[in-house]
Amino acid sequence: MIEKYRQTRILLTPLLVLLWLAPLQAEQPGQRSLAPVTTLQSLLLSGENLALTPTPDWALLRQVYRERPEPLLWHAPTGELSDAGLALLQFILEIDRHGLERRSYHLDNLGNPLLTRAQRIARNDLLLSDGFLRLARHLARGEVDPDSVDPLWKIPRETVDAGALLRQALERQNPVAVLESLAPQSEEYRKLQQALAEYREMADQAPWSKLPPAPLIRPGDRHPLIPLLRRRLAASGHLLNGDSDEPKLYDPLLQATVESFQRQHGLKADAIIGPDTRAALNVTPQQRAAQIRANLERWRWLPPQLGDRYLLVNIGGYRVQLVENGQVRMEKRAIIGRPMRSTPSFSTRVTHLVANPTWTVPWRIAVEDLLPEQKRDSEYLLRKNIQVQQQVEDGWVDLDPAMVDWTSYNRYHFPFRLRQAPGDGNSLGRIKFHMPNPYSIYLHDTPAQSLFQHPVRDFSSGCVRVEEIGDLADHLYNRNTETQQLQPLGDILNARQPRYLKLENPIDVFLVYFTSWVDLKGTTQFRPDIYNLDAPLTLALQQLHRAPGAQLAYRENRSRD
């Protein structure tokens, strides 16, 4: 790894001359090796008086430098950057590939030309050390505290002993290897890094032309906006050739391109240019890059290693993936909670499969959804095969819903428990993944299979409904044991009786709100921010970096084309 950075020394030479090697005050040869050390010790004592942004962690720096036998950590005694110092500087110069900003790691503070050579060496050494400390924290747990921008984020972040990591990097003389190990290790994160680079490259090109409001434009139409549409799609790489013999004709090639664009952005792939499609087309590459950066930050909120085998529920993308040994083994469409009953981001594990589950209706759904329906239709609960129970002393007794005066009850007075018996109409479907959590959120089947055909699938009250969940269940169930003959899962489901199936190999589950990712075909996907969580995160990142004039990611509306 260090050899790589030895080879880049020639690339850094002009910068190093400016930052380190250009003395502005003459020094005696005998003083040259001692002056930086003396200056460094002075800075450690009075560093708080320096007006530096970001503010270094002076207390931790004093501790680290006090423990080390060598006075300078990133420089040779002659004042030149060591190989480890070169590697760290190069890493900071390239940190934008993680969606982070160089200025957050003191790049703007290095090499003040008003300082003597000794002062520059001492201060640069301290700033590189503090840059490493900040990098370690940011790569391992993100820049932004999720509690400040995302009320739905419930996954604890990693604890980081940045000082210990700095000591480890110095002992190995390989800061890059230590820092890279702290970043998310998933292939998904690396693909999203590449997508960020691509959209930043697009942002450096000529600005995209925005499509003005217009009536619906359908395939086969001739319209003066079609040439502008062609240029816009060509600019983002969707249409390889923006020219046409009939520029104003919405021809079949353009139709196929628009449908592909709509699928990439989670829109109905009907090829109609309406409000939603036009809004997505008008999002700038700068805004898309900001959206990608926000999602890279969410990845850093997660543990860097998710394990050899896990389920990843992409809440914003309406997807569930089974990942084994770093590869996506299975992917299914999902339905998530609507905005008023959002699905939170949290982690747990599937411990049981529940075949033919009974649904005990959560209190909120009972009083807000089912009670009004029963008041309107006295046979509603009976038709839904929902049992009504009332608590009497220490137990529950069954009631005939027709004998209850439902007009007397409301959300403040509802002494009932509602339970739906197993069956084809059960809201949990034929199978549920039991995963302990304080939010009563589960992965389960559903009888409403047609809802999976919608591009935007926020129809539930918080739980995650999974299309063809039987495939996932069968995979987990058949891995349950290698020595015992199992009853086929299909036979268990066909018995129509509730049954708990304990998994000897529980599987971790991560439910995470992503609005951008790279799919299995290598296409960067974007989705509308239905929970309105991208904007506060993007704004927080911009404020941290003090980037003037930066734009928030576009918040697309959800009206249908």
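Residues numbered from 1 in each chain as written. Predicted model: local features only at pLDDT ≥ 70, side-chain atom pairs only at ≥ 80, totals over all residues. Heavy atoms only, no water.

**Here's the deal with the nonpolar core**
- Counting 77 residues, the largest nonpolar core has Trp-74, Phe-132, Leu-179 and Leu-302 as its most contacted members.
- The biggest single contributor to this core is helix α7 (residues 117–141), with 11 residues.
- Filtering out sequence-adjacent residues up to four positions away, Phe-132 remains in contact with Leu-88, Ala-162, Leu-165, Leu-166, Ala-169, Pro-175, Val-178 and Leu-179.
- Formed by 41 residues, the second largest nonpolar core is a distinct cluster that contains Phe-433, Ile-507, Val-509 and Leu-533. (Core = buried A, V, L, I, M, F, W, Y, C linked by side-chain atoms within 4.5 Å. Buried < 20%, exposed > 50% of the residue type's maximum accessible area, 1.4 Å probe, protein only. Helix = DSSP H or I, 4+ residues; strand = E, 2+ residues; numbered from the N terminus. Contact = heavy atoms within 4.5 Å.)

**With respect to the side chain of Ser-236**
- Considering the arrangement of structural elements, one finds Ser-236 in the loop between α11 (226–235) and α12 (252–264).
- Polar contacts involving the side chain of Ser-236 include one to the side chain of His-238, which spans 2.6 Å.
- Apart from residues lying up to four places away in sequence, Ser-236 is in contact with Met-202 and Trp-208. (Polar contact = N/O pair within 3.5 Å; in protein donor to acceptor, adjacent residues only side chain to side chain.)

**Some remarks on the sheet that holds strand β6 (residues 386–392)**
- Taken in spatial order, the four strands line up as β5-β8-β6-β7 in an open sheet, and their pairing is antiparallel. Edge positions in the sheet fall to β5 (359–360) and β7 (395–399), since each has one partner strand and no second.
- Relative to strand β8 (residues 416–420), β5 runs antiparallel, the two sharing two bridges. Pairing of Thr-360 across the sheet is with Arg-419, part of β8. (Pairing = 2+ DSSP bridges.)

**Here's the deal with the packing of helix α4 (residues 35–46) against α7**
- Relative orientation of the contacting elements α4 and α7 amounts to 50°, with a least axis distance of 8 Å. With respect to α7, the axis of α4 lies oblique. Here the hand of the crossing between α4 and α7 comes out right-handed. Across the interface between the two elements, Ala-35, Pro-36, Thr-39, Leu-40, Leu-43 and Leu-44 from α4 touch Ala-118, Gln-119, Ile-121, Ala-122, Arg-123, Asp-125 and Leu-126 from α7.
- In the contact of α4 with α7, the residues fall into nine nonpolar, two polar and two charged. (Axes fitted to C-alpha atoms, helices over the stretch in contact; angles between N-to-C directions. Parallel < 35°, antiparallel > 145°, perpendicular 65-115°, else oblique. Left-handed = near helix turned anticlockwise from the far one by under 90°. Nonpolar A, V, L, I, M, F, W, Y, C, P; charged D, E, K, R; others polar.)

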